[in-house]
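Spelled out, the chains give:
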Amino acid sequence: MGKKVEINGVKLDWESREILEAIVEGGGEGNTSKVKDYTGLNNNTRVKYRFDKLEEANLVEQWQPEAEGGMVPPKRVRLTDEGEDRVSGGVLDGMVGVEPDDEGLSLGERMERL
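Since this is a predicted model, take the numbers as computed values, not measurements.

So, on to unusual backbone geometry. The backbone of N8 shows a phi angle near 55°, a positive value even though the residue is not glycine. Topologically, N8 is positioned in the loop between β1 (5–7) and β2 (10–12). Of note, the phi angle at N58 is positive, near 65°, even though the residue is not glycine. Relative to the helices and strands, N58 resides in the loop between α3 (44–56) and β4 (60–63). Taking relative accessible area as the criterion, N58 reaches 36% and is therefore assigned partly exposed.

For the rest of this paragraph, the subject is the sheet that holds strand β5 (residues 76–79). As summarised here, the arrangement of the 3 strands in space is β3-β5-β4, forming an open sheet in which the pairing is antiparallel. Only two strands of the sheet have a single partner each, and these edge strands are β3 (29–31) and β4. Pairs of neighbouring strands in the sheet enclose a mean axial angle of 20°, with direction left out of account. Relative to β5, β3 runs antiparallel, the two sharing 3 bridges. By the bridge assignment, G30 is partnered in β5 with V77. Taken strand by strand, α3 contacts β3, β4 and β5, and its axis lies near 130° from that of β4.

Further remarks concern the side chain of T32. Following the sequence through the fold, T32 ends up in helix α2 (residues 32–39). Here T32 falls in the buried class, since its relative accessible area comes to 5%. Leave out the neighbours within four places in its chain, and T32 touches N44, V47, K48, F51, P74 and K75.

Next up on the list: the environment of Q64. Its place among the elements puts Q64 in the loop between β4 and β5. Separated by 10 residues in the primary sequence, Q64 and P74 place their C-alpha atoms 7.1 Å from one another. Not counting residues within four places of it along the chain, the set of residues in contact with Q64 comprises V72, P73, P74 and K75. Polar side-chain contacts of Q64 include one of 2.5 Å to the backbone oxygen of P73.

Another point: the packing of helix α1 (residues 14–25) against α2. Two elements in contact, α1 and α2, have axes separated by 9 Å at closest approach and are oriented at 110°. Taken together, α1 and α2 sit at an angle that is classed as roughly perpendicular. The interaxial crossing formed by α1 with α2 has right-handed handedness. When α1 is examined against α2, the residues E18, I19, E21, A22, I23 and E25 are found in contact with a partner set consisting of V35, Y38 and T39. Here the contact of α1 with α2 is built from residues that sort into 5 nonpolar, 1 polar and 3 charged.

Mapped onto the secondary structure, G28 falls in the loop between α1 and β3. Take G28: its relative accessible area is 10%, and that puts it in the buried class. Here G28 is in contact with I23, V77, R78 and L79, once residues within four sequence places are set aside.

Quick notes on the rules
- Residues numbered from 1 in each chain as written.
- Predicted model: local features only at pLDDT ≥ 70, side-chain atom pairs only at ≥ 80, totals over all residues.
- Heavy atoms only, no water.
- Helix = DSSP H or I, 4+ residues; strand = E, 2+ residues; numbered from the N terminus.
- Buried < 20%, exposed > 50% of the residue type's maximum accessible area, 1.4 Å probe, protein only.
- Pairing = 2+ DSSP bridges.
- Axes fitted to C-alpha atoms, helices over the stretch in contact; angles between N-to-C directions.
- Contact = heavy atoms within 4.5 Å.
- Polar contact = N/O pair within 3.5 Å; in protein donor to acceptor, adjacent residues only side chain to side chain.
- Parallel < 35°, antiparallel > 145°, perpendicular 65-115°, else oblique.
- Left-handed = near helix turned anticlockwise from the far one by under 90°.
- Nonpolar A, V, L, I, M, F, W, Y, C, P; charged D, E, K, R; others polar.

So this is what it looks like as structure tokens:
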């Protein structure tokens with residue numbers, strides 16, 4: 001299992017770090033599409049799961065904009081005040097040792113790593 005960091009009692013993995021970095025690079029805001037483009041993560045479920053974990057750690061808040069014209073827009077996310085403080089304090093630097101692991105990966109995703 002790869003390393004994880006714990007923030008506010010929530011264990012965060014390397015994908016959480018990548019997503020947090022994408023949000024920071026987006027000026028403190030983002031959405032599932034922009035995060036996927038930045039990180040290379042192509043699975044909406046994985047991105048949304050990490051949004052939930054980052055929100056549970058009080059680093060981000062997320063919301064689903066209302067559908068327009070029958071199209072559901074991407075889920076939105078932005079840094080909380082605590083998230084901004086922790087980013088300014090170097091939380092991303094503290095997550096450098098967080099590495100990929102096989103937890104939560106499908107069999108196909110695990111095979112791709114081999």
